[in-house]
Amino acid sequence: MSYSRPDETWGYEPPTEEAADAPAWGGAYADAEPTPTEQRRAAEARREPATGSYRSTDDDGREHHTLPPPSPALWHRLPAIAVTMVVSAGLILGTQMERPVYAAGIAVLQFAMIALVTWVRKIDGVWITLAVAAALALAADWAAVTWQPVSLLPITVLLALAFGATVAGQLLRKDHAGVTERLGFTMLVCVAVCGYACYIVLSRLGSAPPAMYSAVVAAGTAILAARAVDLVMPDPRINRQVTRGAFGIVIGTMCGTASAAYAGFVIEGPEPSHAAIGGLLVALTAVLADLACGYLSASRRIDEAGTAPNPVVSAAGPLLAFAVTGPVVYLVSAYYMID
């Protein structure tokens, strides 16, 4: 029997010209679309570590709505601090004036909040939102000043009527696309309008204003501290699409709670322990409502509907925060801080 040695060079032949020109193994997928994970990592790689800023443009220099926006300039962040100081002082010092004068000042805040928040989150059929919110602001302020006995009942009834008017206005429009979003945004603005009216009602209660002072101090301090921390520590962000730092939210809530506890020692009326717990609730509500404006702007940017100027977004945050905090301040001041 004869034995033939196998050819051990099989598979090691020098490549032919056709094989040399062919793409390498896996090269057929080289031009495929990158996966979402690869896109996210590429966006993170485009972040500039030296300055901590974000690029909102792609490699060709074109702005892309899915990339994180850059941090606003310093002077774009200052309106939030100025608005917070003005609103805090106005809510506290205004209680020493006549009720109609105080209501007029509250109406100015309401109309400013309606205009700026609507500008931040522009929706279709915005005239319905503006009309319903403006009418509700006038009616709620009138009820808060004149209604006897002092109660939130008339404001609650007016809020329910505003919801009904909003639904009727949306049904009258021919285009019903996105009606859920429009209804939700209009209801948010209406609740915020009634939140400012709560301060008028609270100022009419005999023993509640001292507790309201500590609650407003907690809200103002929380927003100021959160915004101040964002100036020096803008990263890490609470969300890549929102230009707010995570440290500011936490530190702002802590500072608001501490300021309310200190106000309980200084102001005669609320107990320091009650003021601290109530201040925690108010401060947390204020910083989250302030943060909500950033999410409203980010959602509009992601939808490729443009964005409001950064100073407008910055000023709208505290206005919405004090509005949403109004019902919380009323409940905490009227039913918890004062025995």
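Quick caveat: nothing in here was measured; it's all calculated off a predicted structure.

## Some details on the pairing of strand β2 (residues 242–245)
- Sheet topology note: the strand β1 (residues 237–239)/β2 ladder contains two bridges and is antiparallel. Pairing of Asn 239 across the sheet is with Val 242, part of β2.
- Linking β1 to β2, which pair antiparallel, is a turn of two residues.

## Let's talk about the nonpolar core
- Membership of the largest hydrophobic core comes to 60 residues, with the highest contact counts inside it found for Leu 91, Met 113, Tyr 196, Tyr 199 and Phe 322.
- The set of elements that each furnish at least two residues to this core consists of α3 (74–93), α4 (99–120), α5 (126–146), α6 (153–172), α7 (179–203), α8 (209–232), α10 (272–302) and α11 (310–337).
- The element contributing the most residues to this core is α7, with 13 residues.
- Ignoring sequence-local partners within four residues, the contact set of Phe 322 consists of Thr 84, Val 87, Ser 88, Leu 91, Tyr 196, Tyr 199, Val 216, Ala 219, Gly 220 and Ile 223.
- The next biggest cluster of nonpolar side chains, apart from the first, holds eight residues, and it includes Ile 249, Val 287, Leu 291 and Ala 298.

## What about the side chain of Ser 259?
- For Ser 259, the location among the structural elements is in helix α9 (residues 246–266).
- Residues in contact with Ser 259, not counting those within four places in the same chain, are Val 217, Ala 218 and Thr 221.

## Quick notes on the packing of α5 against α6
- Two elements in contact, α5 and α6, have axes whose closest approach is 10 Å; the angle formed by their N-to-C orientations is 165°. As far as their axial angle goes, α6 and α5 are roughly antiparallel. Crossing angle aside, the handedness with which α5 passes α6 is right-handed. Two secondary-structure elements touch here, α5 through Ile 128, Val 132, Leu 136, Ala 139, Ala 140, Ala 143 and Ala 144 and α6 through Pro 154, Ile 155, Leu 158, Leu 159, Ala 162, Ala 165, Thr 166, Gly 169 and Gln 170.
- In the contact of α5 with α6, the residues fall into 13 nonpolar, three polar and no charged.

## Things to note about the pattern of salt bridges
- In this structure the tally under the stated criterion is four salt bridges.
- Asp 290 is the partner of Arg 227 in a salt bridge, and the nearest nitrogen-oxygen pair spans 2.7 Å. Linking Arg 227 in helix α8 with Asp 290 in helix α10, this pair joins segments that are 63 residues apart in sequence. By the burial criterion, Arg 227 is buried, and Asp 290 matches it.
- Between Asp 290 and Arg 244 there is a salt bridge whose closest N-O contact spans 3.4 Å. Taken as a pair, Asp 290 in helix α10 and Arg 244 in strand β2 lie far apart in primary sequence, 46 residues in all. The pair formed by Asp 290 and Arg 244 is uniform in burial state, with each residue classed as buried.
- Connected through salt bridges with shared partners, the residues Arg 227, Asp 230, Arg 244 and Asp 290 form a single ionic network.

Conventions and cut-offs
- Residues numbered from 1 in each chain as written.
- Predicted model: local features only at pLDDT ≥ 70, side-chain atom pairs only at ≥ 80, totals over all residues.
- Heavy atoms only, no water.
- Pairing = 2+ DSSP bridges.
- Helix = DSSP H or I, 4+ residues; strand = E, 2+ residues; numbered from the N terminus.
- Core = buried A, V, L, I, M, F, W, Y, C linked by side-chain atoms within 4.5 Å.
- Buried < 20%, exposed > 50% of the residue type's maximum accessible area, 1.4 Å probe, protein only.
- Contact = heavy atoms within 4.5 Å.
- Axes fitted to C-alpha atoms, helices over the stretch in contact; angles between N-to-C directions.
- Parallel < 35°, antiparallel > 145°, perpendicular 65-115°, else oblique.
- Left-handed = near helix turned anticlockwise from the far one by under 90°.
- Nonpolar A, V, L, I, M, F, W, Y, C, P; charged D, E, K, R; others polar.
- Salt bridge = Lys/Arg side-chain N within 4 Å of Asp/Glu carboxyl O.

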